[in-house]
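What follows is each chain in one-letter form.
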Amino acid sequence: MGKKIALITGISGQDGAYLANFLLKKNYTIIGTDRRSARSDNWRLIKLNIQNKVIIEDLDVTEINNLIRIFQKYKINEVYNLAAQSFVKSSFENPIQTSIVNAISPLTFLEIIRNQKRKIKFYQASTSEMFGKHKTKKQNETTNFYPRSPYGTSKTFAHYSVQNYREAYKMFAVSGILFNHESPLRGEEFITRKISIGLTNIISGKQNKIKLGNIYAKRDWGFAGDYVEAMWKMLQNKYPKDYVIATGENHSVKEFINEATKILNLKTRWMGKGLQEKLINLETKKIIIEIDKKYFRPTDVESLKGDYSKAKRELKWRPKTNFKSLVKMMIKADLKEN
Ligand code: NAP
Ligand code: F7E
């Protein structure tokens, strides 16, 4: 048998880069899609030193003919559908485009794969954002969905489409319900990276302060490098099933900031309340973090904490990186860049 061929949509993103790196070590041939290959420098692939080890195809997942063509060109065994408009805040400003990419493209993939003669396994990047305004201490595969953003609703549509195609057409199609996962390769618009870059920039004098929104939101933050292994394990499973992937711990944005300032040895104090809340650098007496209405969302997800016991039991998967190690990894990486 020749090498397995994996198609990774969204290879230029955080998870795409880590997954490509992981699958290369498993001896896969990687076809990665990038809608801007002509002008993109694929900085994440460069950071992992794998830019010359993957085949990049210029492809927008909203173009059906592009998708059909890729299955004609390569004998793909596994599809990892990671391409998405993944920034929740932007989904409120671009709900239709978000839904076309996040909901209709996965459905298009399922339709195309259903019509292939060869069996192709399909992984869909589902999200804890589907749980939204849940009423549970921990969320697992049986928790009801209550999405709170166009991002969440679009991903819920895709999630149910995968379930339906699996049941209706006996396809090997699964969804990983992944809780927030971060890394030094995280996009700068997401809160963890905004904090790690912001604080290290403040220390080197490149930036004065960071403006943030809801610092009381709690998230179950894991390391992206650990989570891509779970994606692969789901496609090697005997039966196609969905799994929650998380750490089982959560922390507020404020706790993330406190951990980061501790690692940086910054002496700080929180003052004020609500929109007036601020973080002061006690050595310089300057405000380094303040609250700005602009960064609040029309509806937010207040708290998420995942129960990954099914993945632990059946996939033998568990997170290897805890909260403190994750914050340290991100701060150290951004300090090095500064
Ligand atoms: P990311 O860094 O934002 O990457 C998303 C990728 O999708 C980028 O490569 C982007 O390419 C690509 N993309 C967007 N629109 C596209 C289009 N129309 N056609 C082709 N490619 C397109 O996201 P991530 O953190 O790696 O997440 C990967 C997947 O997991 C996403 O589906 C996300 O929704 C989901 N997810 C993420 C998390 C998390 O915490 N990271 C948790 C649960 C689920 P450009 O560079 O061209 O924009
Ligand atoms: O926000 C709050 C914000 O943008 C986390 C995506 O990967 O994970 C991610 O979605 C929390 C929210 O991630 C700012 O309101 C406060 O409560 O880092 P985030 P997210 O929305 O949880 C899920 C699982 C995905 O699937 C998504 O693709 O932090 N917050 N102030 C802020 N967030 C941002 N970005 N910027 C702020 O200034």
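Residues numbered from 1 in each chain as written. Chains lettered and ligands numbered in written order. Predicted model: local features only at pLDDT ≥ 70, side-chain atom pairs only at ≥ 80, totals over all residues. Heavy atoms only, no water.

Right, let's get into the overall build of the protein. Summing up its helical and strand segments, the protein has 11 helices and 15 strands in all. Against the 2.2 N^0.38 benchmark of 20 Å for 338 residues, the protein shows a C-alpha radius of gyration of 20 Å, consistent with a compact globule. Across its three principal directions, the C-alpha atoms of the protein cover 65 × 45 × 40 Å. Within the protein, the proportion of its 338 residues that are buried is 54%. Per element, the accessible surface of the protein, about 16300 Å² overall, is 49% carbon and sulfur. (Helix = DSSP H or I, 4+ residues; strand = E, 2+ residues; numbered from the N terminus. Rg over C-alpha atoms; globule rule 2.2 N^0.38 Å. Buried < 20%, exposed > 50% of the residue type's maximum accessible area, 1.4 Å probe, protein only. Areas by Shrake-Rupley, 256 points an atom, 1.4 Å probe, with all protein chains shown as cover.)

So, on to the packing of aromatic side chains. For the coordinates displayed, the defined rule picks out 15 aromatic pairs. Relative to Phe122, the ring of Phe109 has its centre 5.9 Å away and its plane inclined at 35°; by these criteria the two rings are tilted. In this pair, Phe109 is assigned in helix 5 (residues 95-114) and Phe122 in strand 5 (residues 121-127), connecting sequence segments 13 residues apart. Of the two residues, Phe109 and Phe122, both sit in the buried class. Judged by centre distance (5.0 Å) and plane angle (65°), the ring pair of Tyr165 and Tyr169 falls under edge-to-face. Note that Tyr165 and Tyr169 are positioned in helix 6 (residues 150-169) at a spacing of four residues, about one turn of the helix. Aromatic rings pair up to connect Phe131, Phe145, Tyr160 and Phe179 into one cluster. If you follow Lys121 out to its NZ or CZ, it ends over the ring of Phe172, 4.6 Å from the centre. Over the face of the ring belonging to Trp270 we find Lys254, whose NZ or CZ atom lies 4.8 Å from the ring centre. (Phe/Tyr/Trp six-rings, centres within 6.5 Å; stacked < 30°, edge-to-face > 60°. Lys NZ or Arg CZ within 6 Å of the ring centre and 35° of its normal.)

Here the protein is partitioned into domain 1 (5-183 + 223-248 + 302-320) and domain 2 (191-216 + 252-300). Taken over C-alpha atoms, the centre of domain 1 sits 31 Å from the centre of domain 2. Taken residue by residue, the interface counts nine residues in domain 1 and 11 residues in domain 2. For the pair domain 1 and domain 2, the summed buried surface comes to about 870 Å²; carbon and sulfur atoms form 47% of the total. When residues of domain 1 are sorted by the area they lose upon contact with domain 2, Lys89, Arg148 and Glu302 head the list and together hold 57% of the total. The interface formed by domain 1 and domain 2 contains zero salt bridges. Across the domain 1-domain 2 interface, the total number found is five residue pairs in polar contact (both at pLDDT 80 or more). Considering each element in turn, the side of domain 1 that touches domain 2 owes the most residues, three residues, to helix 4 (residues 88-93). Split by residue class, the side of domain 1 that touches domain 2 holds four nonpolar, one polar and four charged. (Domains from an automatic or database assignment. Contact = heavy atoms within 4.5 Å. Buried area = accessible area lost by both parts, 1.4 Å probe. Salt bridge = Lys/Arg side-chain N within 4 Å of Asp/Glu carboxyl O. Polar contact = N/O pair within 3.5 Å; in protein donor to acceptor, adjacent residues only side chain to side chain. Nonpolar A, V, L, I, M, F, W, Y, C, P; charged D, E, K, R; others polar.)

Near ligand 2 lie 23 residues; those nearest to it are Ser86, Thr127, Tyr151, Arg297 and Asp300. Contact between ligand 2 and Ser86: an oxygen atom at 2.7 Å from a main-chain N or O atom of the residue. A distance of 2.8 Å separates an oxygen atom of ligand 2 from a polar side-chain atom of Arg219. Summarising the interface, the protein chains cover 96% of the accessible area of ligand 2, which totals 700 Å² for the free molecule. Sorting the residues of the shell around ligand 2 by element identifies helix 7 (191-204) and strand 8 (210-212) as the ones contributing at least two each. (Near = heavy atom within 4 Å.)

Quick look at the sheet that holds strand 6 (residues 173-178) now. Spatially, the seven strands line up as an open sheet ordered 3-2-1-4-5-6-11, and their pairing is parallel. The open sheet is flanked by strand 3 (55-58) and strand 11 (243-245), the only strands paired with a single partner. For this sheet, the mean inter-axis angle between neighbouring strands, taken without regard to orientation, is 25°. In the sheet, strand 4 (residues 78-81) pairs with strand 5 via four bridges, with the strands oriented parallel. Looking at strand 5, one finds that Asn81 is bridged to Gln124. Sheet strands in contact with helix 5 are strand 1 (5-9), strand 4, strand 5 and strand 6, and its direction is about 165° off that of strand 5. Together, strand 5 and strand 6 form the strand contacts of helix 6, whose direction differs from that of strand 5 by roughly 150°. (Pairing = 2+ DSSP bridges. Axes fitted to C-alpha atoms, helices over the stretch in contact; angles between N-to-C directions.)

It is worth spelling out the packing of helix 9 (residues 253-263) against helix 11 (residues 323-337) at this point. Helix-helix packing is characterised by the crossing angle of the two axes and by the distance between the axes. Closest axis-to-axis distance for the helix 9/helix 11 pair is 10 Å, and the angle between their directions is 60°. Judged by the inter-axis angle, helix 9 sits oblique to helix 11. Here helix 9 and helix 11 pass one another in a crossing that is right-handed. Judged by residue contacts, Glu255, Phe256, Glu259, Ala260, Lys262 and Ile263 of helix 9 engage Phe323, Lys324, Val327, Lys328, Met330 and Ile331 from helix 11. (Parallel < 35°, antiparallel > 145°, perpendicular 65-115°, else oblique. Left-handed = near helix turned anticlockwise from the far one by under 90°.)

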